[in-house]
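# Observations on the model geometry
These are the residues of each chain, in order.
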Amino acid sequence: VVVSTGIFILVSCLVAGAFIYHHSTTRSSADITNPNEVVKNLDYGTVLPDNKSIDELGGWRRVSPAKSDPVFAYSDKIGTATITVSQQPLPDSFKGNVDSQVAEVAKKFSATTKIDADHTKVYIGTSTKGPQSVIFTKNNLLILIKSQVKIDDKDWASYAKSLR
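Here we summarise the structure given alongside this text. These figures come from a predicted structure and were not determined experimentally.

What follows concerns helix α3 (residues 153-162). Burial in α3 covers these residues: W156, A157, Y159, A160 and S162. On its buried face, α3 sits against β3 (72-78), β4 (81-89), β5 (113-116), β6 (121-126), β7 (132-138) and β8 (141-147). Where α3 begins, the side chain of D152 points an oxygen toward the backbone nitrogen of K154, at a separation of 3.0 Å.

The structure is reproduced here in structure tokens:
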């Protein structure tokens with residue numbers, strides 16, 4: 001009886017210790033503040049290009065300041081151009097008037113070229129030196145994509161359509 005009780009207590013302590021260790025190392029993506037820390041799963045739904053996983057894209061990295069709502073991004077390519085795709089849940093202030101709110105944000109990024117990507121309004125801004133900012137919404141996400149070089153509008157539309 002004493003040996004059985006001792007074994008039971010030992011096993012219970014090991015299980016409890018493993019549970020506490022796992023619980024203390026598991027963090028929500030909202031707790032991540034280091035932009036170099038790679039995250040595999042976010043606390044909100046996201047979209048990725050067809051036939052690509054977040055592992056293939058190098059994982060999510062936080063791109064927002066530590067004290068603000070978390071915004072995460074991954075890197076991808078359109079042709080040979082590297083792009084950074086950031087996603088965040090639509091802010092509450094956008095709800096009910098999403099199109100006009102996105103248009104306002106696009107104006108702030110000088111994204112005045114508007115294209116249609118399968119019923120998604122995509123706003124593109126191009127700097128005189130080549131970098132582009134692309135803004136749109138999909139699946140209740142605000143999506144901002146940056147490139148360092150100019151990418152053709154049809155390629156932007158294809159990329160936006162591919163996000164699921």
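Here we come to the nonpolar core. One finds Y74, I145 and W156 to be the most contacted residues of the largest nonpolar core, which totals 30 residues. Where this core is concerned, the elements lending two or more residues are β3, β4, β6, β7, β8 and α3. In terms of residue count, the dominant contributor to this core is α3 (four residues). Listed in part, the 10 residues of the second largest apolar core include F94, A106, A111 and Y123.

The eight strands lie next to each other as β1-β2-β3-β4-β8-β7-β6-β5, forming an open sheet whose pairing is antiparallel. Where the open sheet ends on each side, the last strands, each with one partner, are β1 (38-39) and β5. Summarising the sheet, β7 and β8 pair through seven bridges and their orientation is antiparallel. Looking across to β8, one finds that S133 is bridged to K146. The strands that helix α2 (residues 98-108) touches are β6, β7 and β8; relative to β7, the one it contacts most, it runs at about 170°.

Turning to the pairing of β7, a few remarks are in order. Judged by how many residues are buried, β7 sits mostly within the fold: six of seven residues are covered. Sheet topology note: the β6/β7 ladder contains four bridges and is antiparallel. Bridge assignment links Y123 to a residue of β7, and that residue is I135. Where β6 folds back onto β7 in an antiparallel hairpin, the turn is made up of five residues, including G130, whose phi is positive at roughly 115°. Where β7 folds back on β8, the antiparallel hairpin that results is connected by two residues, among which N139 adopts a positive phi of roughly 50°.

Here we take up unusual backbone geometry. Of note in the backbone geometry, D118 takes a positive phi value of approximately 60° without being a glycine. If you trace the backbone, D118 turns up in the loop between β5 and β6. Within the chain, N139 stands out as a residue other than glycine whose phi angle is a positive 50°. Note that N139 resides in the loop between β7 and β8.

Once that is clear, we can look at the pattern of salt bridges. Under the defined criterion, the tally for this structure stands at seven salt bridges. The shortest N-O distance in the salt bridge between K40 and D55 comes to 2.8 Å. Of the two residues, K40 sits in the loop between β1 and β2 (60-62) while D55 sits in the loop between β1 and β2, which places them 15 residues apart along the sequence. Here D92 ties to K95 by a salt bridge, and the two come within 3.3 Å at their closest N and O atoms. Here the two residues D92 and K95 agree in accessibility, since each one is exposed.

Criteria and cut-off values
- Residues numbered from 1 in each chain as written.
- Predicted model: local features only at pLDDT ≥ 70, side-chain atom pairs only at ≥ 80, totals over all residues.
- Heavy atoms only, no water.
- Buried < 20%, exposed > 50% of the residue type's maximum accessible area, 1.4 Å probe, protein only.
- Helix = DSSP H or I, 4+ residues; strand = E, 2+ residues; numbered from the N terminus.
- Contact = heavy atoms within 4.5 Å.
- Polar contact = N/O pair within 3.5 Å; in protein donor to acceptor, adjacent residues only side chain to side chain.
- Core = buried A, V, L, I, M, F, W, Y, C linked by side-chain atoms within 4.5 Å.
- Pairing = 2+ DSSP bridges.
- Axes fitted to C-alpha atoms, helices over the stretch in contact; angles between N-to-C directions.
- Salt bridge = Lys/Arg side-chain N within 4 Å of Asp/Glu carboxyl O.

Read these as layout, nothing more, since geometry by itself doesn't imply function.
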